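# Examination of the molecular architecture
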Amino acid sequence: MSGRPVLAIDVGGTKFEAAMVGPDGTVGERHRVETAGATGSSELADRLVSVALAASAGADRPARVGVGTAGPFLAAGEMIAPVNLPVWGGFAIRAHLADALGLEVSVAGDAQALALGERWIGAARNCDNFLAMVVSTGIGGGLVVDGRLLRGELGNAGHLGHVVVVPDGRRCGCGGQGCVEAEASGTALRAITGADPALASPALRRRTGTLVGRAVASVVATLDVPLALVAGGVALGFGADFFEAAQDELSARARLSFARNARIEPAALGAEGPLIGAAALAYEAINAKLFAATNREER
């Protein structure tokens, strides 16, 4: 990565976070605002802009803004309708931030951005085929195949939270039943137990890992990716109980010859992963622009 620092923003279901991130991946002071209590789309948008301004105040002008956001997208990189932020039933996030900040903005799913971050300075360096997954308030995924981040028609490629893992299971916010997000996300665990997911029993932690491993097995068989990196407060907070159960289920389900050795491991970037991922998204756009300009000059 090259150039000036960028402004990185993580748009989650319960909070927005922003920080300046340098070209070596160093994360500056992190600023956070909760989403709870917002009564409408405009108020939530104001909170997003306020945390972005707070993070960039006093710093050199960012080279670009990168945003990793909960989804799904209604238009690739432009409009979102997050399941866990229902007041944003069609929020033009890129245009809103570009207008408010006066900067170029790149937007992708939070786990898509995480995948770029893990490939940049995390556990997927030099890896051309892998899955990155966030198991937190909701569940999302990002896929790198043949060295390229998959986006899909509307920007939702890798949105793993809605792979069905319990047929006829719990009703999901998407309208389906038995999605891994409806069974294993922080929101689901709170609904199941009536308590903070951090207080989940070892048995529930293992069940959560099992269901995530089941979802990953489907992706491994479909896309021939040998590695799944999992981040997010639920997965990382549950620790060994979660990851051992997830690997056991993945190994039991992924039986084709090319899938038998697939691994599911903790993502390496920890709590800074979402912001590093958002920064990687911004730097990717900067480098693509520089590459295109160089090619034009050479012609």
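Quick note: structure is the one above.
In what follows, the accompanying structure is described.

Criteria and cut-off values
- Residues numbered from 1 in each chain as written.
- Predicted model: local features only at pLDDT ≥ 70, side-chain atom pairs only at ≥ 80, totals over all residues.
- Heavy atoms only, no water.
- Phe/Tyr/Trp six-rings, centres within 6.5 Å; stacked < 30°, edge-to-face > 60°.
- Helix = DSSP H or I, 4+ residues; strand = E, 2+ residues; numbered from the N terminus.
- Buried < 20%, exposed > 50% of the residue type's maximum accessible area, 1.4 Å probe, protein only.
- Expected span 1.5 Å × (residues − 1).
- Axes fitted to C-alpha atoms, helices over the stretch in contact; angles between N-to-C directions.
- Parallel < 35°, antiparallel > 145°, perpendicular 65-115°, else oblique.
- Left-handed = near helix turned anticlockwise from the far one by under 90°.
- Contact = heavy atoms within 4.5 Å.
- Nonpolar A, V, L, I, M, F, W, Y, C, P; charged D, E, K, R; others polar.
- Pairing = 2+ DSSP bridges.
- Salt bridge = Lys/Arg side-chain N within 4 Å of Asp/Glu carboxyl O.
- Core = buried A, V, L, I, M, F, W, Y, C linked by side-chain atoms within 4.5 Å.
- Polar contact = N/O pair within 3.5 Å; in protein donor to acceptor, adjacent residues only side chain to side chain.

Turning our eyes to something else, we now look at the packing of aromatic side chains. Taken as a whole and judged by the stated rule, the model has 4 aromatic pairs. Centroid distance Phe 16 to Trp 88: 5.7 Å. Interplanar angle 10°. Geometry classified as stacked. Pair noted here: Phe 16 is in strand E2 (residues 15-21) and Trp 88 is in the loop between strand E6 (79-80) and strand E7 (91-92), with a separation of 72 residues, a long-range link. Taking the relative accessible area as the measure of exposure, Phe 16 reaches 0% and is therefore buried. Here the aromatic cluster, defined as three or more aromatic residues joined through ring pairs, consists of Phe 16, Trp 88 and Phe 91.

Helical geometry note: an α-helix holds 3.6 residues per turn, so side chains three or four residues apart project in the same direction. Under the 1.5 Å per step criterion, the end-to-end length of helix H3 (residues 110-121) is 17 Å for 12 residues, consistent within 8% with the ideal 16 Å. For H3, the buried fraction is high: 9 of the 12 residues fall into the buried class. All buried positions along H3 are accounted for by Ala 111, Gln 112, Ala 113, Leu 114, Ala 115, Leu 116, Gly 117, Glu 118 and Trp 120.

Turning our attention to the packing of helix H6 (residues 202-223) against helix H8 (residues 240-253). Relative orientation of the contacting elements H6 and H8 amounts to 40°, with a least axis distance of 7 Å. Considering the angle they form, H6 stands oblique to H8. As for how H6 packs across H8, the hand of that crossing is right-handed. Mapping the contact onto sequence places Pro 202, Arg 205, Arg 206, Thr 208, Gly 209, Thr 210, Val 212, Gly 213, Arg 214, Val 216, Ala 217 and Val 220 in H6 and Asp 241, Phe 242, Ala 245, Ala 246, Glu 249, Leu 250 and Arg 253 in H8. Tallied by class, residues from the contact of H6 with H8 come to 9 nonpolar, 4 polar and 6 charged.

As a further point, take the environment of Gly 66. Structurally, the position occupied by Gly 66 is in strand E4 (residues 65-69). On the basis of relative accessibility, which here comes to 0%, the residue Gly 66 falls in the buried class. Separated by 28 residues in the primary sequence, Gly 66 and Ala 38 have C-alpha atoms spaced 23 Å apart. Sequence-distant contacts of Gly 66, defined by excluding residues within four places in its chain, comprise Leu 7, Ala 8, Ile 9, Ser 106, Ala 278 and Ala 282.

As summarised here, the arrangement of the 5 strands in space is E3-E2-E1-E4-E8, forming an open sheet in which the pairing is mixed. Looking at which strands have only one partner, the edges of the open sheet turn out to be strand E3 (31-34) and strand E8 (105-109). On average, adjacent strands in this sheet sit at an angle of 15° to one another, irrespective of strand direction. The pairing of strand E1 (residues 6-11) with E4 spans 5 bridges and is classified as parallel. Following the sheet pairing, Leu 7 is matched in E4 by Val 65. With respect to the sheet, helix H1 (residues 41-56) is in contact with E1, E2 and E3, its orientation differing from that of E2 by roughly 25°.

Our next topic: the pattern of salt bridges. For the structure on display, the rule yields 13 salt bridges. In this structure, the salt-bridge partner of Asp 10 is Lys 15, at a minimum N-O distance of 2.7 Å. Residue Asp 10 is classed as buried on the basis of its relative accessible area of 6%. Judged by its relative accessible area of 15%, Lys 15 is buried. Of the charged contacts, one joins Arg 30 and Glu 17 as a salt bridge, the two residues approaching to 2.9 Å between their closest N and O atoms. Of this pair, Arg 30 sits in the loop between E2 and E3 while Glu 17 sits in strand E2, placing them 13 residues apart in sequence. Exposure remark for Arg 30: the relative accessible area of 34% places this residue in the partly exposed category. One network of salt bridges, with partners in common, ties together Asp 10, Lys 15, Glu 17 and Arg 30.

Our focus in this paragraph is the sheet that holds strand E5 (residues 73-75). Two modes of strand pairing occur in sheets, parallel and antiparallel, and in both the strands are linked by backbone hydrogen bonds. Taken together, 3 strands build an open sheet; the order of strands is E5-E6-E7 and the sheet is antiparallel. One side of each edge strand has no neighbouring strand; the edge strands of this open sheet are E5 and E7. One ladder, built from 2 bridges, connects E5 with E6; its direction is antiparallel. Looking across to E6, one finds that Phe 73 is bridged to Ile 80.

This next bit is on the nonpolar core. Grouped together as the largest cluster of nonpolar side chains are 34 residues, with contacts concentrated most on Val 135, Val 212 and Val 216. Elements represented by at least two residues in this core include exactly strand E9 (130-135), strand E10 (139-145), helix H4 (180-184), H6, strand E12 (227-231), helix H7 (233-238) and H8. The residues contacting Val 135, other than those within four sequence positions of it, are Ala 184, Val 212, Val 230, Ala 231, Gly 232, Gly 233, Val 234, Ala 235 and Phe 242. Counting residues in hydrophobic clusters, the runner-up holds 32 residues, among them Ala 19, Val 21, Ala 267 and Ile 286.

What follows covers the side chain of Arg 64. Inspection of the secondary structure assignment puts Arg 64 in the loop between H1 and E4. Assessed through its relative accessible area of 12%, Arg 64 is described here as buried. At a separation of 2.8 Å, a polar atom in the side chain of Arg 64 contacts the side chain of Ser 106. Once you skip the residues sitting within four places of it in the chain, Arg 64 turns out to touch Val 6, Leu 7, Glu 104, Val 105, Ser 106, Ala 282, Ala 285 and Ile 286.

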